[in-house]
Amino acid sequence: MSSPDHVPDLNEFRVLLVDDNRLNLQILKKLLTRAQAEVETADGGQDAVAFAREHSFRFILMDYQMPDLDGFEAAQQIRAFDPAVPIYLMSGDDVPPFVRDSGVITGTLLKPVQLPSLLALVGL
């Protein structure tokens, strides 16, 4: 049975999803591809920085806590070469005020991420 919920068309969106948890990546990718977004995934902060250097994205959705390079540190590195891309950090807990107020990130999302919350954050 199909859902009657309206799914927006994000077919012109290229999104980078970053999380060290593969299940989280799969769920988020499914949400965004259902809305026709083109989705690239990275399983850590270092991979995210490398992807962002090589490709342009409409926005980056990145886990805050990752073992190799956390989302805030990765966002800082990305800002050094791409000051304009919106970067949203996801966390199961509240992101510390110094991170939210740093000017490095565009916003935060509480996990588990729901498509309506994500769309509202990116202005859709």
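Our subject is the structure listed above.
Since the model is a prediction, treat every value here as computed from it, not as a measurement.

Draft legend 1. Expanded view of the overall build of the protein. Assigned secondary structure in the protein consists of 5 helices and 5 strands. Listing every helix and strand of the protein by position from the N terminus yields β-α-β-α-β-α-β-α-β-α. For a compact globule of 124 residues, the expected C-alpha radius of gyration is about 14 Å, and the protein comes in at 14 Å, within 12% of that figure. Principal axes of the C-alpha set define a box for the protein whose edges measure 45 × 30 × 25 Å. The 124 residues of the protein split such that 41% are buried.

Draft legend 2. Spotlight on the pattern of salt bridges. Under the counting rule described, the total for this entry stands at 6 salt bridges. Its salt-bridge partner being Arg 14, residue Glu 38 comes within 3.2 Å of it at the nearest N-O pair. Pair noted here: Glu 38 is in strand 2 (residues 38-42) and Arg 14 is in strand 1 (residues 14-18), with a separation of 24 residues, a long-range link. A salt bridge links Asp 43 to Arg 22; its shortest N-O distance comes to 3.0 Å. With a gap of 21 residues between them, Asp 43 in the loop between strand 2 and helix 2 (45-54) and Arg 22 in helix 1 (residues 22-34) connect regions that are remote in the sequence. The class for Arg 22 is exposed, based on a relative accessible area of 57%.

Draft legend 3. Structural detail: the environment of Asp 20. Relative to the elements of secondary structure, Asp 20 occurs in the loop between strand 1 and helix 1. Expressed as a C-alpha distance, the spacing of Asp 20 and Gln 65, which sit 45 residues apart in the sequence, is 8.5 Å. Setting aside residues up to four positions removed in sequence, Asp 20 forms contacts with Asp 43, Asp 63, Gln 65, Met 66 and Pro 67.

Draft legend 4. Fine view of the sheet that holds strand 5 (residues 107-110). Spatially, 2-1-3-4-5 is the arrangement adopted by the 5 strands of the open sheet, whose pairing is parallel. The open sheet terminates on both sides in strands that have one partner only, identified here as strand 2 and strand 5. Adjacent strand axes in the sheet meet at a mean angle of 20°, parallel and antiparallel pairs treated alike. Each of strand 3 (59-63) and strand 4 (87-91) is contacted by helix 3 (residues 71-81), which is oriented at about 150° to strand 3, the strand it contacts most.

What counts, and where the lines are drawn
Residues numbered from 1 in each chain as written. Predicted model: local features only at pLDDT ≥ 70, side-chain atom pairs only at ≥ 80, totals over all residues. Heavy atoms only, no water. Helix = DSSP H or I, 4+ residues; strand = E, 2+ residues; numbered from the N terminus. Rg over C-alpha atoms; globule rule 2.2 N^0.38 Å. Buried < 20%, exposed > 50% of the residue type's maximum accessible area, 1.4 Å probe, protein only. Salt bridge = Lys/Arg side-chain N within 4 Å of Asp/Glu carboxyl O. Contact = heavy atoms within 4.5 Å. Pairing = 2+ DSSP bridges. Axes fitted to C-alpha atoms, helices over the stretch in contact; angles between N-to-C directions.

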